[in-house]
Amino acid sequence: MDALDAFLQLQHAAGNAAWLRQAIDTAGGPLALARHLMGGTAADWQAAGAPAALRAAALGAGARQAAALARAWQAGGPERHLIPWGDAAYPGLLREAPSPPSLLYVEGQAERLWWPQIAVVGSRAPSPAGRERAQRWARAFAEAGFVVTSGLANGIDAAAHTACLGAPGSIAVIGTGPDLAYPAAHRPLQAEVAREGCVVSEHPPGTRARAAHFPSRNRIIAGLSLATVVVEAALRSGSLITARLAAEAGREVFALPGAPENPKARGCHRLIREGATLADDPAQVVEALAGAACQLAPALAARLEAGDGRSPPPAALPAAQAPAGSALVSAEAGRVLAALDGAGASLEVLAARAGLTPAALAPILLDMELEGRLTQQHGVYLPCGSAPPTRAGSQRRR
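All figures in this text were calculated on a predicted structure; none of them were measured in a lab.

1. A look at the packing of aromatic side chains
One pass over the full model with this rule turns up 4 aromatic pairs. Consider the rings of W73 and Y105, whose centres lie 5.8 Å apart with planes at 75°: the pair is edge-to-face. Residue W73 is located in helix α6 (residues 61-74), and its partner Y105 is located in strand β2 (residues 103-108); the two are separated by 32 residues in the primary sequence. Judged on exposure class, the residue W73 and its partner Y105 are both buried. The ring of W85 carries R21 above its face, with NZ or CZ at 5.8 Å from the centroid. In this structure, R112 packs its charged tip against the face of W115, placed 4.8 Å from the ring centre.

Below, the structure is given as structure tokens:
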């Protein structure tokens, strides 16, 4: 048994127990803890805070089979990742949320989990106007440099994911194992999201959808995101659970108002009465999150460097030289501006001109856009002043 197999058996038996996360932190990492406990005595398990019956379960046939299934799923493709609590790749914002998962199954570009995210959620049976609004707002967030996160459900979720196909993609948090799709009709969409962004689950392969999985899934959506935007929701919508969990995690909650006679807007109205921020333009959300997104830039740059050893992360100037409101001003920003021309350039073209990899360039562009030094229109980056800025860019520079 190698250390990862040992951890998978341990995690299968323990689930998301708080003692497991605490023990991982104390031991110095998930694999170190697994090596210690799986070859240890009953006294070692007791000292780690494990329930008395857990050792037998972790060493049993069921746990061994679960570990084998997880490893087989991981081996099925180069973009499949197992990210345990305590691993350097575990997303920092989710780590700060209440009751985070002890293991993530991720298919796709796992570094997307470190990008600044906005959750877009809402009704499974929205009005036509609600569906169109979800697509328009999600697209606006993506064009502003945010990754859109949702739950791949029918309705608002699917509309948001569909609007973000193509760079930078979106993140889907699902309530089944990573090898299944729910609803089944969304399997093609799930595959596209995994190809352009990533799909995340806390459930092992083979786990089918259950009612209790979806509120649990919602806490991950809320925990990954800087803010949750509720587009359209009835009074009993699961989106209200996501909004509540986001607020409990200390994240922003925005709700879109609707017509008073529209029953699918009443959940949003309730959220606004209870303290959520009313938003009637995506630029308002982007502007409100600009500072928080900049604070994530150094961590994102470090993760991109860890995933791409060919180039270093953007270098930060000393804090005294940095403009107010910016947590990262890269030394390469001048090269990027010099590489732009009046006609603009895509990410790939700009990376080639500036002599950077797309992975190293992405956080620089995000920071420059949030500062109002450039704007993005339909995937083309332009220096501010060379073309009419987007509404979001105009609002940010006031």
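2. Considering the pattern of salt bridges
For the structure on display, the rule yields 8 salt bridges. Between E107 and R80 there is a salt bridge; the shortest N-O distance is 3.4 Å. On the criterion of sequence distance, the pair formed by E107 in strand β2 and R80 in strand β1 (residues 80-84) is long-range, its members being 27 residues apart. When its relative accessible area of 23% is taken as the criterion, E107 is described as partly exposed. As a salt-bridge pair, R270 and E274 come within 3.1 Å of each other at their nearest N and O atoms. What makes R270 partly exposed here is its relative accessible area of 35%. Overall, the relative accessible area of 56% leaves E274 in the exposed class.

3. Observations regarding the sheet that holds strand β5 (residues 170-173)
Within the open sheet, the 9 strands sit side by side as β1-β2-β6-β5-β4-β3-β7-β8-β9. Their pairing is mixed. What marks the edges here is a single partner per strand, and that holds for β1 and β9 (277-278). Bridging between strand β8 (residues 252-255) and β9 involves 2 bridges; their strand directions are parallel. The partner of A255 across the bridge, within β9, is L278. Across the sheet, helix α13 (residues 266-273) is in contact with β7 (227-230), β8 and β9; its angle to β8 comes to roughly 135°.

4. Some points on the environment of A134
Mapped onto the elements, A134 comes out in helix α8 (residues 128-143). Once the C-alpha coordinates of A134 and V231 are considered, the two residues, 97 residues apart in sequence, prove to be 6.2 Å apart. Discounting residues that sit within four places of it in the chain, A134 has contacts with I156, A159, A160 and V231.

5. Some thoughts on the environment of D25
Tracing the chain through its elements places D25 in helix α2 (residues 18-27). For D25, the residues in contact, after removing those within four places along its chain, are W85 and R95.

6. Some remarks on the nonpolar core
Counting 61 residues, the largest nonpolar core has L10, W19, W45, I83, V106, L113 and V200 as the members making the most contacts within it. In terms of residues, this core owes the most to one element, helix α1 (residues 3-14), which gives 6 residues. Apart from residues no more than four positions distant in its own chain, V106 is found in contact with W73, E79, R80, H81, I83, L113, C198, V199 and V200. Listed in part, the 28 residues of the second largest apolar core include V120, L226, L256 and A279.

7. Regarding the packing of helix α11 (residues 213-224) against helix α12 (residues 239-248)
The contact between α11 and α12 brings their axes to 8 Å, and the two run at 45°. On the basis of the axis angle, α11 is oblique to α12. Helix-helix and strand crossings are classified by hand; for α11 and α12 the assignment is right-handed. Only I241, T242, L245 and A246 of α12 make contact with α11, whose side of the interface consists of P215, N218, R219, I221 and A222.

8. Digging into α2
Those residues of α2 not exposed but buried are W19, L20, R21, A23 and I24. Those residues of α2 that are buried lie in contact with α1, α3 (30-38), α4 (42-48) and α5 (54-58). Just downstream of α2 lies G28, where phi reads positive at about 95°.

9. Structural notes on the pairing of strand β4 (residues 147-150)
Side-chain alternation along β4 places V147 and T149 on one buried face and V148 and S150 on a second face that is also buried. Once you follow strand β3 (residues 117-121) into α8 and on to β4, the crossover reads as right-handed. Across 3 bridges, the pairing between β4 and β5 is parallel. The residue of β5 that forms the bridge with S150 is A172.

Rules of the game
- Residues numbered from 1 in each chain as written.
- Predicted model: local features only at pLDDT ≥ 70, side-chain atom pairs only at ≥ 80, totals over all residues.
- Heavy atoms only, no water.
- Phe/Tyr/Trp six-rings, centres within 6.5 Å; stacked < 30°, edge-to-face > 60°.
- Helix = DSSP H or I, 4+ residues; strand = E, 2+ residues; numbered from the N terminus.
- Buried < 20%, exposed > 50% of the residue type's maximum accessible area, 1.4 Å probe, protein only.
- Lys NZ or Arg CZ within 6 Å of the ring centre and 35° of its normal.
- Salt bridge = Lys/Arg side-chain N within 4 Å of Asp/Glu carboxyl O.
- Pairing = 2+ DSSP bridges.
- Contact = heavy atoms within 4.5 Å.
- Axes fitted to C-alpha atoms, helices over the stretch in contact; angles between N-to-C directions.
- Core = buried A, V, L, I, M, F, W, Y, C linked by side-chain atoms within 4.5 Å.
- Parallel < 35°, antiparallel > 145°, perpendicular 65-115°, else oblique.
- Left-handed = near helix turned anticlockwise from the far one by under 90°.
- Right-handed = clockwise from strand over helix to strand, strands pointing away.

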